[in-house]
Structure formats: C-alpha cells, structure tokens
Amino acid sequence: MPITSSRHFNKGDKIEVLRDEVLWFPATVLRSSETRKGKIYVEFETLTFGEDKRLREYVAPGEVRPVPPQELHSFFKVGDIVDAFSVNAWCRGEVVDILENSMYCVLIGGEKCEIEQWNLRPHRDWDDGSWVPPLAHQEKSSELEVRSRELKLRIKFNGRAPEAKFGNGTIVEIKSDEEGYHGSWYTAVIVGLLGNDKFLVEYQTLKTNDETELLQEEADVSCIRPLPPKIQRADPFDQLEEVDAWHNNGWWVGHISKVLVGLKYKVLFKTTNEEMVFEHSKLRPHQEWVNDRWVTASKESESGSNSKELKLKIKFSKTSDPKFSKGAVVEVKSDEEGYQGSWFTAEIVGSIGTDKFLVEYQTLKTDDESQPLIERAEASYIRPCPPEIQRVDRFRLLEEVDAWYNDGWWVGLICRVLGDLKYSVYFWTTNEELEFQHFKLRPHQEWIDGKWIVSFRKMSKMPVKSTLAKRRRQSNGKTSIAFNGNGTKVEVESDEDGHRGTWYPATSMGPMANSGKYLVEYKTLKADSEVELLKEEVDFRSIRPCPPVIQRSDQYEPFDEIDAWNNFGWWVGEVSKVLGGSKYMVYFKTINEVLEFEHCNLRPHQNWVKGKWTCTTRGRSSNH
C-alpha cells in the first residue's frame, strides 16, 4: 500500500485514519496545526468510548488521508477491487458475486461478506498527494459541479420546473408519483435529453416486465435530483427522526416511530400510513435538494403540528407491539422437538424482565399430571388468542387450517375433503396425514405487525404451482428404487424453470408397465379441476423416498444447508442470517432470493445417495 502524504489539513476537514494497517476510519480534524511531535488531533466518527462519546486522539500525518471524492458511477462487476464499509471502517475487498436488491458479495480478508451497494466505493490509494488509480473524470466532474452551482434549481412544489441540466451518464434519483409509490426515489442513469425539461433515464434497480433488461422511461426534470452525498451514520437514529428507508428497490421517506434493540427501528410512512421494521444499514439520514444544495432534515426543524400528528400516529398505531398483562389469555408457540410450530393456550402469570413472561398452560400439565404446567416464554413466542371465526361452509382443498390435536393447534393443509364434514389434513413438519372433523379445525390466521391476517401466505418470487411440467428425462426402463406398493410416501422433484430442485410430497400409486415411470398423487398440488389432488406420471429418477423427519430443537447457524417449506413444497436453501424470535433469513441460489422463515418451517437438508440418506450440517455428515 502506498504511503500517504503528510499534506496540511485544516480544522474541520473530513479525513480517514489508518488503523491496523488495513482499516480506514472516517474522522474530522480538530486542530489545524500539528502538535505533540508532529501529530494531528482528530475525532473519529465511528469509534466511541465511555458513554457513547466519540474517540479523540493524536495520529501521525502519514496515517491520514482526505476522504476520497464521491464518484458518480458506483455500480460494480465481478472482479472489481473496492473499498467496503464494514465494522465502522473502510477496508479493501474484491467483488465475487452480484446479488439482488443492490447487494454484492465481497471477499474481505478471505471471508465472503454481503455488502449493500451504498457501502461500496472504487478502491484507490492516496499516494504523494494524488489518488491511485487517478480519477479519470475528475476534471469533467469539477466542471459539472461549477456549472451546477451556477444554476438556480427550483423545487417542483414552487410551481415552476427546475432548469437543471444532467449530462449523459450522470447517476441521479427519480421520484415516483405512481399510486402506491408516491414520494419514493429510485436510482437511475441519464441516457439522453429528450427536450428542454425531459430526459430518458435507465433505472438501476427496476426491470422491464419480462425481467430481461433494465427499465428505461421518460422522466420530467422536476422529478429528477442529483444523487445525495453519502452520510455514514454510526450513531443510532433517534425517535421521530426523518429517514430514507431502502424498500422495494427504492428509498422511501419516513420517520423513526420506535427504536428497537439490535440496531433495528420501526419506521412510519405517512404516505401509506404503514409501519415496518428496518435494520440500521437499510436507513440513511433524509436529505432535501433545496436551492441547489443538500439540506439534512432533522426532527427539530419540523413544525409543531407535524410533530404532534406523528406522535399521535405512533401512539395509536395498530402495529404497536402487544402488551401482555397478568391474567391475559394467550397462545404460546412450541419449538420443542416433535411439537414444532404448534400453539398452546395459556394465561400470563407474570412478567420476567422486558421480553419474557411466566405462563400457565390451560391444556398441558406437569409430568405427574397433578397441576397445570407453568414455564417461561419469550415475548416473540407469545401472541393474543386469535378471534373466533365461525366457519359454516366447507373448507376447500389445500386451504391452510389449524387443527386441534394433542391439546394444541397445529398448522396444516386440507389435502382431502371427505364426507360427513370430515377432512384429511397434511402436516408438512411431520409428513403426516390425519383425519379431522369440521369442528376440530379453524381457519389459519397469522399475527403480523399487531393485527390478525386470515390465511396468510408469504409472497415471494417463488411462484405457486398448481401443476408440474412433464418430465423431459429419458428413461431406460429400469429403476434403482422400487415403489411398487400403492400408498408409499415419496417426494417428487420438479424440473420446471423457477421450481428446479424443489421437492413435493406425494404418494406412489405404483409403476407404469415397461415405461420406467410411476403414477403419483401429490399431497399439496391440485388438478386443473381445483377439487381433487393432481395425479401424473413421473420418471423414476425424479422420485425418492421421503427423508426421515428431523426436527432440530437447537438453533440453525449461518451457512447451514436446509430445506424450507414454501408454496407447497421443500426448497433447498442456505441459512444466511439468524434473526430473533426463532426466525432466519434463507438464501435460495436457484432464484437468487433471500426470504424469512420460522424455525418450524425448516428441516436439515438430506441427500439420497446410493440408497442411504446423508445429512450434512456445518461440515459434519451422517448416514440414515
């Protein structure tokens, strides 16, 4: 690494300080003259001591460099050498993969890290007063800055269109006025000028309907602004602070309605009156482009009426966390082996700290059966009792229901509608099919953000399948696994685009004569008639026995290979992040998407190899 120059810095200059030979920490110069044996007195922006006080110290001039100028083009390709902002400092890395939602996989010190686009910049070294490699467009950028300062840009709400000009290739942000997206901003590149007040832009995070290329469209100059400067926010955001939140491939303006633990926040969007939870890294301080300069918003600058209105919205928000008082009747989720995903009715006996409660179960007893069972439960495992829904009509095929079984409510799917108001219900967590009477079932409801949602199903890019594509594999007429008897439980693999590698539970109806195929009936896929389960012929190489049920009582860890239950089948994925409340973020390589799942909807991934089940977890393998 080239040695930095000992150039003179003035008080207030934004700089970066080298520590541990590879980390550059943002800081501010506190004294312009060098003191204490030629050292510079600085205040770090991301390092603290004591009660969250910013660290101040003297540093050698050779360990100081100016902050690299912000560059317009900040989109990277595989192999690019970049600086990544991680653990409060900039460090060198290499882009090894491009992920969705403006995320990149960066190799840093031999470890792969997922980094947001706005936390990356082209890598440059400061050598003898200049940047290496040199800034090729620095002169051109300076001219553009001078020209932009000469322009008097007027904001759209003053009734006159701005007169700013944006050169081809300039990265900007475009405001959306489309219904449902009002006030959100999307990153784009200026492609060309269409007239005095219109430009052709190409979005960097939005694609055409067929998902084949980036979306291009005409944008009025009044809806265009320069890219705001990056503000590395190391301190937590405050309640009522105005922020931009990264959501659905764009920046949405909102206010911090609640500061949560673990550097998470609840953000209230006044345009939609919605409240959502965001991590610290998904937020940025809100800035307004006013009179040709960026102005940072603050909660102190808001009018009293707006602040009061916001406080009222927060106070009476329907999405606030439930508060359980002593005597409240609730339902408690179990993640115990053999009972995962089931809910048991209980009464709150008392609180233990801020996030735990003592509960007394109404249907579970102690080992000696002498009294109701009392135990501790985390708040994330507790929900209010769902409202009673009197279901007078029949449940439908594949409708999601709760079934009363073993003193609790278990989530399953209606897989057969029988006579005499009876049903067969399929439980994917245990791969069982049981028969229930109508009054032993209730419509499935999910407690989401403080309200009940009936028949909730997490939407994703994973499409719901009603039929499977016919197998294109050629059969040799022989099968290495025999599923001769009717009723054998199997799993069938999909070859269809968008579903490749997904396994669907089914029942083998027996082999087809001299064809190398089997007739199967799926447990979770409907025929075109919508009233009975799908039956089809499949190649023997697409069938395997059902893997043994393994319910992990301990927590999954990052990089564990798992199967996730989603859209009526098991999808192979990898745990990318462990969340609170027994939840995980799971990455699916086949569709390049990350989704959130509860512990009960995951199972350890197993492979059927040479007639045996092999389970691999964090480098350990076992045979079944």
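Here the structure is a predicted model, which means the values were calculated and not measured.

Within the protein chain, the secondary structure is distributed over two helices and 49 strands. The buried share of the protein chain, reckoned over its 624 residues, is 44%. For the protein chain, the proportion of contacts with a sequence separation of at least 24, taken over those separated by at least 6, is 49%. Summing over all exposed atoms, the protein chain offers an accessible surface of approximately 33300 Å²; the carbon and sulfur share of this is 49%.

On to the nonpolar core. Inside soluble globular proteins, nonpolar side chains tend to come together where they are buried. Formed by 35 residues in total, the largest nonpolar core has its most connected members in Val520, Tyr522, Phe588 and Leu602. Sort the elements by how many residues they give to this core and strand E39 (residues 517-526) lands first, with four residues. Judged by nonpolar contacts, the second largest core, of 22 residues, contains Tyr203, Val243, Ile256 and Tyr265.

Turning to its location among the elements, histidine 444 is positioned in the loop between strand E34 (441-443) and strand E35 (445-448). On the basis of relative accessible area, histidine 444 is assigned to the buried category, the value being 2%. A distance of 2.7 Å separates a polar atom in the side chain of histidine 444 from a polar atom in the side chain of aspartate 402.

With that out of the way, let us pick up the side chain of threonine 187. Along the chain, the position of threonine 187 falls in strand E14 (residues 185-193). Overall, the relative accessible area of 9% leaves threonine 187 in the buried class.

Turning our eyes to something else, we now look at the pattern of salt bridges. According to the stated counting rule, one finds 30 salt bridges in the structure shown. The shortest N-O distance in the salt bridge between glutamate 57 and arginine 19 comes to 4.0 Å. Remark: arginine 19 occurs in strand E1 (residues 14-19) and glutamate 57 occurs in strand E4 (residues 53-59); sequence separation between them is 38 residues. For glutamate 57, a relative accessible area of 23% gives the class partly exposed. We classify arginine 19 as partly exposed; its relative accessible area is 27%. Between aspartate 563 and arginine 603 there is a salt bridge, and its shortest N-O distance comes to 2.9 Å. Residue aspartate 563 is found in strand E42 (residues 561-566), and its partner arginine 603 is found in strand E46 (residues 602-604); the two are separated by 40 residues along the sequence. The burial state of aspartate 563 is the same as that of arginine 603; both residues are buried. Where salt bridges share partners, they join Arg416, Glu433, Glu521, Lys523 and Lys535 into one cluster.

Here the focus is the environment of lysine 112. Relative to the elements of secondary structure, lysine 112 occurs in strand E9 (residues 111-116). Each C-alpha atom, one on lysine 112 and one on aspartate 97, is 9.7 Å from the other, the two residues being 15 residues apart in sequence. Non-local contacts of lysine 112, meaning those with residues more than four positions away in its chain, are made with Val96, Cys105, Val106 and Leu107.

Here is what the cut-offs are and how they apply
Residues numbered from 1 in each chain as written. Predicted model: local features only at pLDDT ≥ 70, side-chain atom pairs only at ≥ 80, totals over all residues. Heavy atoms only, no water. Helix = DSSP H or I, 4+ residues; strand = E, 2+ residues; numbered from the N terminus. Buried < 20%, exposed > 50% of the residue type's maximum accessible area, 1.4 Å probe, protein only. Contact = heavy atoms within 4.5 Å. Areas by Shrake-Rupley, 256 points an atom, 1.4 Å probe, with all protein chains shown as cover. Core = buried A, V, L, I, M, F, W, Y, C linked by side-chain atoms within 4.5 Å. Polar contact = N/O pair within 3.5 Å; in protein donor to acceptor, adjacent residues only side chain to side chain. Salt bridge = Lys/Arg side-chain N within 4 Å of Asp/Glu carboxyl O.

Honestly, it's all geometry; don't read function into it.
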